[in-house]
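Chain by chain, the residues run as shown.
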Amino acid sequence: MANNITADDIREKFSQAMSAMYQQEVPQYGTLLELVADVNLAVLENSPDLQQQLENADELARLNVERHGAIRVGKAEELATLRRVFAVMGMVPVGYYDLSQAGVPVHSTAFRPIEDAALARNPFRIFTSLLRLELIDDEALRKTAAAILAERDIFTPRCRALLDIYDQQGAFTEAQADEFVTQALETFRWHSHATVDAQTYQAFHNQHRLIADVVCFRGCHINHLTPRTLDIDRVQALMPEYGIAPKAIIEGPPRRNFPILLRQTSFKALEEPIIFAGVHHGTHTARFGEIEQRGVALTPKGRALYDELLNEAGSGQDNFSHQQHLQEIFSRLPDSETLMRCQDLAYFRYRLTPVGEMHRQAIKPGDDPQPLIERGWLVAQPIIYEDFLPVSAAGIFQSNLGSEGGARSHGHSSRTAFEEALGAPVADEFELYQQASDRSKKRCGLL
Ligand code: OOG
Ligand code: NI
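Residues numbered from 1 in each chain as written. Chains lettered and ligands numbered in written order. Predicted model: local features only at pLDDT ≥ 70, side-chain atom pairs only at ≥ 80, totals over all residues. Heavy atoms only, no water.

### Things to note about the site of ligand 1
Now for step 1: Surrounding ligand 1, one finds 13 residues, the nearest of these being His68, Arg72, Asn223, His224 and Gln264.
Now for step 2: Taking Glu290, its side chain carries an N or O atom lying 3.0 Å from an oxygen atom of ligand 1.
Now for step 3: In isolation ligand 1 offers 310 Å² of accessible surface; the protein chains occlude 100% of this area.
Now for step 4: The cavity where ligand 1 resides is the largest cavity.
Now for step 5: Taken together, the elements giving at least two residues each to the shell around ligand 1 come down to strand E2 (67-73), strand E11 (288-294) and helix H18 (390-400).
Now for step 6: Of the residues contributing to the shell around ligand 1, the split by class is seven nonpolar, four polar and two charged. (Near = heavy atom within 4 Å. Polar contact = N/O pair within 3.5 Å; in protein donor to acceptor, adjacent residues only side chain to side chain. Areas by Shrake-Rupley, 256 points an atom, 1.4 Å probe, with all protein chains shown as cover. 1 Å grid on protein atoms, 1.4 Å probe; cavity = no way out; pocket = protein on both sides within 12 Å on 5 of 7 lines; lining within 4 Å. Sits in = over half its atoms within 2 Å of the grid points. Helix = DSSP H or I, 4+ residues; strand = E, 2+ residues; numbered from the N terminus. Nonpolar A, V, L, I, M, F, W, Y, C, P; charged D, E, K, R; others polar.)

Encoded structure:
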């Protein structure tokens, strides 16, 4: 079919539709977007070098469209159907995150694009969590939850029909894509009517707030959308001026000259009125806002060091002392692009400079990139981390569930069960970064 549109186009349409819907549903999200845009503009104005660097790495164009969202589902079939929905948009499950160790009864993956060109255009990601009913110890409650979940369908009939059409055709026409975006969006819409009565809601809520959030509604409402900032410390400091109350500490690594992985902070959304079955009125807090700053992806060696240092640093009470403490502990991780590269701690993408192109035949597979970089034939660009961090995610969950700490579930990691529910294995994020690096090396003749 000549008029088919690409997965990238559909993802772009969908992420725009999602953002517009969420701005209407949670007006503070619109304020947050303004704040992040202001801060990013100021950072770029003050740092022409950074601007140039982002532009060279194809990072600048995507900055303003870049965001991730998060949803939580209750049963295997929902997760498996979401996999089909996101596949239409060129998003596949990457990574396995076990949150049960942190007292959150879910395990998760991130649906995201994986091709270089797709990531450069729009890296929209959805952090998707599956409730682990087996971690509810009250048996009666567990059965009630399972029965409620068995009854519901979070997808519209037309969305399901379009998925079948997509599977038959292998593509959508533009009209079908538009209809699909509209239909798929319904799954993520907020519903102010709970499907259960106030008592049932309260029983789930008492066991764990998350269970109430997942089980008591018709859909899997998007619970936050997160823009990417170039200076999260500045955003955190300015949030109160914009009428937004940030969580106590910024999660992840400390501020560095050469940023690594992912730093995140969030704010609690207001309590929202809901109507229970039986017409009782009440409130529910589920939706919030989050901001992230992304840096280079770490190799398994770099990541092991990150995990070790983070563990050693522990969690602070106030952001100022926590960040200072982190800075001290993280001094063991070199804060220099060259050292991170030469010590194989982070992933890089290589490109030949115009001079390098002229000497292409002198470059041999297996050559050490460093002398070529020093000679000006080659440039190395950090590969941005496109994924999430389990400890940070646990901190985000807990801050917006209203309990820093919360009841421990002590569940064991269950990746196999998650992949069975999903109906597919999740991709290994380290392999993806390694492949991106290798592809770039091949293009330069280094592999
Ligand atoms: C997801 C929390 C985790 C992140 O960015 O790490 C998260 C949720 O609350 O559903 O969004
Ligand atoms: Ni998030």
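### Some points on the packing of aromatic side chains
Geometry of an aromatic ring pair is reported as the spacing of the ring centres plus the angle between the planes.
Now for step 1: This model, assessed by the stated rule, comprises 17 aromatic pairs.
Now for step 2: Grouping aromatic residues by their ring pairs yields a cluster made of Phe14, Phe86, Phe111, Phe124 and Phe188.
Now for step 3: When the ring centre of Trp377 is taken as reference, the NZ or CZ atom of Arg375 above it lies at 4.7 Å. (Phe/Tyr/Trp six-rings, centres within 6.5 Å; stacked < 30°, edge-to-face > 60°. Lys NZ or Arg CZ within 6 Å of the ring centre and 35° of its normal.)

### Notes on empty space enclosed by the protein
Now for step 1: Counted according to the given criterion, the structure contains four cavities of 30 Å³ or more.
Now for step 2: Here the largest cavity is characterised by a volume of approximately 130 Å³.
Now for step 3: Contributing to the lining of the largest cavity are 16 residues, with Ala70, Phe127, His224, Ile396 and Phe397 lying nearest its centre.
Now for step 4: Elements with a minimum of two residues in the lining of the largest cavity: E2, strand E5 (125-131), E11 and H18.
Now for step 5: A breakdown of the residues in the lining of the largest cavity according to their chemical character gives eight nonpolar, six polar and two charged. (Points joined across faces, edges and corners; volume = space filled by probe spheres on them.)

### Describing the pattern of salt bridges
Now for step 1: Per the stated rule, a full pass over the model turns up 37 salt bridges.
Now for step 2: Note that Lys13 is salt-bridged to Glu174, the shortest N-O span being 3.6 Å. Of this pair, Lys13 sits in helix H1 (residues 7-25) while Glu174 sits in helix H9 (residues 174-186), placing them 161 residues apart in sequence.
Now for step 3: Across the salt bridge formed by Arg255 and Asp233, the nearest N and O atoms sit 2.6 Å from each other. Taken together, the residues Arg255 in the loop between helix H12 (232-238) and strand E8 (262-268) and Asp233 in helix H12 connect sequence positions 22 residues apart.
Now for step 4: Arg255 sits in the partly exposed class, given a relative accessible area of 42%.
Now for step 5: The class of Asp233 is partly exposed, set by a relative accessible area of 21%.
Now for step 6: Each of Glu59, Arg62, Arg125, Arg228, Glu292, Arg294 and Glu386 takes part in salt bridges that share partners, so that together they form one network. (Salt bridge = Lys/Arg side-chain N within 4 Å of Asp/Glu carboxyl O. Buried < 20%, exposed > 50% of the residue type's maximum accessible area, 1.4 Å probe, protein only.)

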